[in-house]
Amino acid sequence: MQSASIIEKKWLVIILLALIVVAAYANSFFNPFMWDDVVLIPENTAIQYGWKSVVSAFSPELWGLRTDDGAFQRYYRPMHTLLSVIDYRIWGFDPFGYHLSNTLIHLFNTVLLYFLALRLLKDNGTALVAAAIFAAHPIHTESVTFISARVDLLSAFFMLVSFILYLKSGDNGRGGRRFLYGASLFSFLLSLLSKEMSLTFPLLLGIYIWVFEGRKNVLRRASPYFILLGLYIVFRVFALPVFLESHKAQAGVAPLLITASTVVFDYIRLLVVPYPLRAYYSIVWYSATDMKSILSFVFLLASAVTALLCLARGRKTAAFAIVWTFVAFAPVLNIGVLGDFSMAERFAYIPSIGFSILAAIALGMLPSKTAFRYASALIVIVFVVLTFQRNRVWADELVFFTDMVEKAPESAIPHINLASAYEKRGDKDGAILQMKEAVRLAPRDAEVRYQLGFLYGQRGRFVEAVAELQTAVDLNPDSVEALNALGMAYGQTGRLAQAEDAFRSALAIDPGYARAAENLERLKGARAGER
């Protein structure tokens, strides 16, 4: 009877957690494909080929099924593509199904976190609060509502499965122990094939073994995970030729470390107070004398001291949760390598596992169980409301990119994205206004110049188009698209000789470029007719 009662309570906990997840994300199910979703799903027709797509997903050259985009060659995340292939087979290009998949994986992660916290804390109420905070936390909106961010969901899922299987392996006999331990290693591999965020798992596992099982067990129990990680890194380096080149540091060691400390401080601030949230965080490089750098250093030092004090006083789970929160951020602290931004809310998904457990422990220190329950319920309700509201921003492309520009006005990329949204709505003047601002912020960016010139041409402002497109060609002489557009703009202004030169230059770079060849033939026909 007692066992049945425990099982029944656990099922009730799972149902409650499911209700929290649904309450937070129900309004995201009907959101459209947004931002990178468009490139990865509706424009990625290669996910339609069934088993061929599945096989290609695990090829280093084809994992994203996009050979036309060099960005795919920087990473290797075949589990993301595999899930998209499965979603396509079920839902086609209906975004509802993809949102449903993301939400279900988030629910699975929430339940896994509950069982992990229950194992670590040995208290059902505190474990439930940890899982509820994780389920509703607004910082997860980007990971769950942004379909492309499912890589974080998948990586966390397999990472949690790996950890729980490892823990279970210690509870079984010899045969069961080996099977569960091997399954844990395999799940860790799947986590690596989902996203690089799980690179820190062997270290976290080693720290867990040191703290909870004794230092003499670390080498024997954790070394296979480090070996697997080493093999994965070797594979990434040799199978993806652009990997090392694309991951070079964008600043010196000192500014990189100082700025990384401020970024961690900002992540923790958002985990504690998740407002305001934004989809784009501009890079700001800090020096050692900046007040934020000093505060960040003091905060990191205080956190390390707190973890050591917790460990010394026997509060092992609290110490481990602190370590998990900070160490899990390590893969995304090479600022500038992953893009022209300093941080992204989706990067906090795996670190928030440790934070959620730590937050539940902190709430458990309230003077009474009643205070613990009411405070926990209030926090979860507020988080659900904030998440629900944030989902609305992701429901409309124009609203989303306008919000991005308002919160990062001094970065070019938000303006470029908003210009694209205006263009899709048929508002060429709005698109030109945003692209002009992008040019002001990134005057040496050939692609931005090309886009503005192209928009000028569509609006019939050909003199201005020529100026921008010529600048784009000067910045990137090998851009056949810019040369072709420049030729068309020259043609519209009556400068036919310059137009012919532009088309011929494009064909000299790429003899198979059909658009330039067709435009050149039309130009020749027009000039022959004039004679």
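What follows is about the overall build of the protein chain. Helix and strand counts for the protein chain come out as 25 helices and zero strands. In terms of C-alpha radius of gyration, the protein chain reaches 26 Å, essentially the compact-globule figure of 24 Å for 531 residues. Considering only contacts in the protein chain between residues 6 or more positions apart, those separated by 24 or more positions represent 70%. For the protein chain, the exposed surface amounts to about 24,400 Å²; the carbon and sulfur share of it is 64%.

This next bit is on the environment of Ser169. One can find Ser169 in helix H8 (residues 150–169). A residue is classified by how much of its surface remains accessible, and Ser169, at 0% relative accessible area, is buried. Measuring from C-alpha to C-alpha, the distance between Ser169 and Phe179 comes to 7.8 Å, with 10 residues separating the pair along the chain. Here Arg221 takes part through its side chain, which lies 3.1 Å from a polar atom of the side chain of Ser169.

In this section: the packing of aromatic side chains. Within this structure, the stated rule accounts for 34 aromatic pairs. Arranged with centres 5.0 Å apart and planes meeting at 50°, the rings of Tyr88 and Phe93 form a pair that is tilted. On the numbers, 5.7 Å between centres and 65° between planes, the contact of Tyr208 with Phe320 is edge-to-face. One end of the pair, Tyr208, is in helix H10 (residues 201–213); the other, Phe320, is in helix H15 (residues 316–327), with 112 residues separating them in the sequence. Residues Tyr208 and Phe320 agree in their burial class; the two are buried.

Here helix H19 (residues 412–424) crosses helix H20 (residues 428–441) at 165°, and the two axes come no closer than 8 Å. Considering the angle they form, H19 stands roughly antiparallel to H20. Note on packing geometry: the crossing formed by H19 with H20 is left-handed. Here Ala412, His415, Ile416, Leu418, Ala419, Tyr422 and Glu423 of H19 come into contact with H20, specifically with Lys428, Gly430, Ala431, Gln434, Met435, Glu437, Ala438 and Leu441. Looking at the contact of H19 with H20, its residues break down into nine nonpolar, three polar and three charged.

Attention shifts here to the nonpolar core. With 125 residues, the main nonpolar core has Trp35, Phe163, Trp324, Ile357 and Phe400 as its most contacted residues. Among the elements that make up this core, the one with the highest residue count is helix H5 (residues 95–121) (12 residues). With residues near it in sequence (within four places) discarded, Phe400 still touches Met34, Trp35, Ala279, Val393 and Trp394.

Now for a nonpolar patch on the surface. On the surface, a cluster of nonpolar side chains totalling about 760 Å² of accessible area is made up of Met291, Ile294, Leu295, Phe297, Val298, Leu301, Val305 and Leu309. Of note, Val298 is situated in helix H14 (residues 291–312).

Parts of the prediction with low pLDDT should not have their coordinates interpreted in detail. This prediction gives the protein chain a mean pLDDT of 90; 91% of its residues lie at or above 70. For the protein chain, per-element mean pLDDT is lowest for helix H12 (residues 243–246), which scores 56, and highest for helix H16 (residues 351–363), which scores 98. In the predicted structure, residues 1–7 sits below a pLDDT of 50 and forms zero contacts with residues beyond four places in sequence or in another chain. Within the model, the stretch residues 63–68 combines pLDDT values under 50 with 26 contacts to residues more than four positions away or in other chains.

About the thresholds
- Residues numbered from 1 in each chain as written.
- Predicted model: local features only at pLDDT ≥ 70, side-chain atom pairs only at ≥ 80, totals over all residues.
- Heavy atoms only, no water.
- Helix = DSSP H or I, 4+ residues; strand = E, 2+ residues; numbered from the N terminus.
- Rg over C-alpha atoms; globule rule 2.2 N^0.38 Å.
- Contact = heavy atoms within 4.5 Å.
- Areas by Shrake-Rupley, 256 points an atom, 1.4 Å probe, with all protein chains shown as cover.
- Buried < 20%, exposed > 50% of the residue type's maximum accessible area, 1.4 Å probe, protein only.
- Polar contact = N/O pair within 3.5 Å; in protein donor to acceptor, adjacent residues only side chain to side chain.
- Phe/Tyr/Trp six-rings, centres within 6.5 Å; stacked < 30°, edge-to-face > 60°.
- Axes fitted to C-alpha atoms, helices over the stretch in contact; angles between N-to-C directions.
- Parallel < 35°, antiparallel > 145°, perpendicular 65-115°, else oblique.
- Left-handed = near helix turned anticlockwise from the far one by under 90°.
- Nonpolar A, V, L, I, M, F, W, Y, C, P; charged D, E, K, R; others polar.
- Core = buried A, V, L, I, M, F, W, Y, C linked by side-chain atoms within 4.5 Å.
- Patch = residues over 30% accessible without salt bridge, like charges linked within 9 Å, V, L, I, M, F, W, Y side chains within 5 Å.
- Salt bridge = Lys/Arg side-chain N within 4 Å of Asp/Glu carboxyl O.
- pLDDT = per-residue confidence, 0-100.

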